[in-house]
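Each chain, letter by letter, is given below.
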Amino acid sequence: MAQVIIGVDPHKRSATIEIINDREQGVGQGRFGTDRDGYKAMLAAGRKHTDRIWAVEGCSCIGRHVAQRLAADGETVLDVPAKLSARARVFATGQGRKTDPVDARSVAVVALRTTGLRQVVVDDTAVALRLLVDRRDQLGRTRTEVVSRLHHLLLELVPGGAKKFLSATQARALLNTVRPRDVVGRTRRWLASELIHELVVIDKKIKIANAELTELVGHHRQPSAGAHRHRPVRRRPAAGRHR
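The shown structure was predicted, so the numbers you read here are calculated from the model rather than taken from an experiment.

Visitor: What should I look at first to understand empty space enclosed by the protein in this one?
Guide: Which parts of space are left empty comes out when a probe the size of a water molecule is rolled across the atoms. All told, the structure shown has one cavity of 30 Å³ or more when counted by the stated rule. Considering only enclosed or pocket space, the largest cavity measures out at about 40 Å³ in volume. Contributing to the lining of the largest cavity are Ala15, Gly33, Thr34, Tyr39, Met42, Val66 and Arg69. Elements that contribute at least two residues to the lining of the largest cavity include exactly helix 1 (36–46) and helix 2 (64–72). Here the residues of the lining of the largest cavity are counted per class, giving four nonpolar, two polar and one charged.

Visitor: What is the right way to look at the sheet that holds strand 3 (residues 26–33) in this model?
Guide: Strands in a sheet are paired, the pairing made by backbone hydrogen bonds, and the direction either parallel or antiparallel. In spatial order, the strands read 3-2-1-4-5; together these five strands make up an open sheet with mixed pairing. Edge positions in the sheet fall to strand 3 and strand 5 (77–80), since each of these pairs with one other strand and no more. With strand direction ignored, the average angle separating the axes of adjacent strands in the sheet is 20°. Strands in contact with helix 1 are strand 1 (4–10), strand 2 (14–21), strand 3 and strand 4 (52–57); relative to strand 3, the strand with the most contacts, it is inclined by about 170°. Contacting strand 1, strand 2, strand 3, strand 4 and strand 5, helix 4 (residues 100–113) runs over the sheet at an angle of about 50° to strand 2.

Visitor: Which parts of the structure should I look at to understand the pairing of strand 4?
Guide: Burial runs high along strand 4: six of the six residues are buried. Across the two faces of strand 4 the burial is the same, with Arg52, Trp54 and Val56 and Ile53, Ala55 and Glu57 all buried. One ladder, built from five bridges, connects strand 1 with strand 4; its direction is parallel. By the bridge assignment for strand 4, glycine 7 is matched with alanine 55. Alignment of strand 4 against strand 5, held across four bridges, turns out to be parallel. Opposite alanine 55, over in strand 5, you have leucine 78 as the bridge partner.

Parameters at a glance
- Residues numbered from 1 in each chain as written.
- Predicted model: local features only at pLDDT ≥ 70, side-chain atom pairs only at ≥ 80, totals over all residues.
- Heavy atoms only, no water.
- 1 Å grid on protein atoms, 1.4 Å probe; cavity = no way out; pocket = protein on both sides within 12 Å on 5 of 7 lines; lining within 4 Å.
- Points joined across faces, edges and corners; volume = space filled by probe spheres on them.
- Helix = DSSP H or I, 4+ residues; strand = E, 2+ residues; numbered from the N terminus.
- Nonpolar A, V, L, I, M, F, W, Y, C, P; charged D, E, K, R; others polar.
- Pairing = 2+ DSSP bridges.
- Axes fitted to C-alpha atoms, helices over the stretch in contact; angles between N-to-C directions.
- Contact = heavy atoms within 4.5 Å.
- Buried < 20%, exposed > 50% of the residue type's maximum accessible area, 1.4 Å probe, protein only.

This is the structure we're talking about:
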């Protein structure tokens, strides 16, 4: 299979791709979300082509999140400056009007025609952040599932059930108001108590994950050692002017 260039027009919540061959003929396209599922679908679409290079616009700014994820997954990624893709778009359409598919194709064309584009390398901090974010998201989904099961049990135990947004403390206080005597009721209460315990554990893990994320982000933003700090320049009074 001939080599293809996968041009990516990235946005905060979505990414549009246009796939071209070495003759600049389109062989694929798509629009994907930048969440976990959307990214996986985009990666799968690209990996249908064995010999491929990804070209992402603005890998130092808006395209950074997509470029780093691709590079971390072992993909070859080129950084296409926005100025070059804008120029290619004007030459191709005769105007500077932007649309996501046209932008993505322009990015791919620039990567095909231009030599010396910077290849994106993996930023270890970015990879660590992605791992921590994935972990926190997984914990969030687990918490939602536990709360849903807890709601179902409390609805059977307490008239009216519980409110939608429920903390472990609120659930325990609510559970303490009921003392079922039948075996079914006692079993439901025991199961609800177990779920509350799970909720406490999950909340602690989420708190730890958030703290790890905050620490890593803060460390990443700190200036490196030896970096020069900006000092304000004091202006000298003009000649002949007295204070």
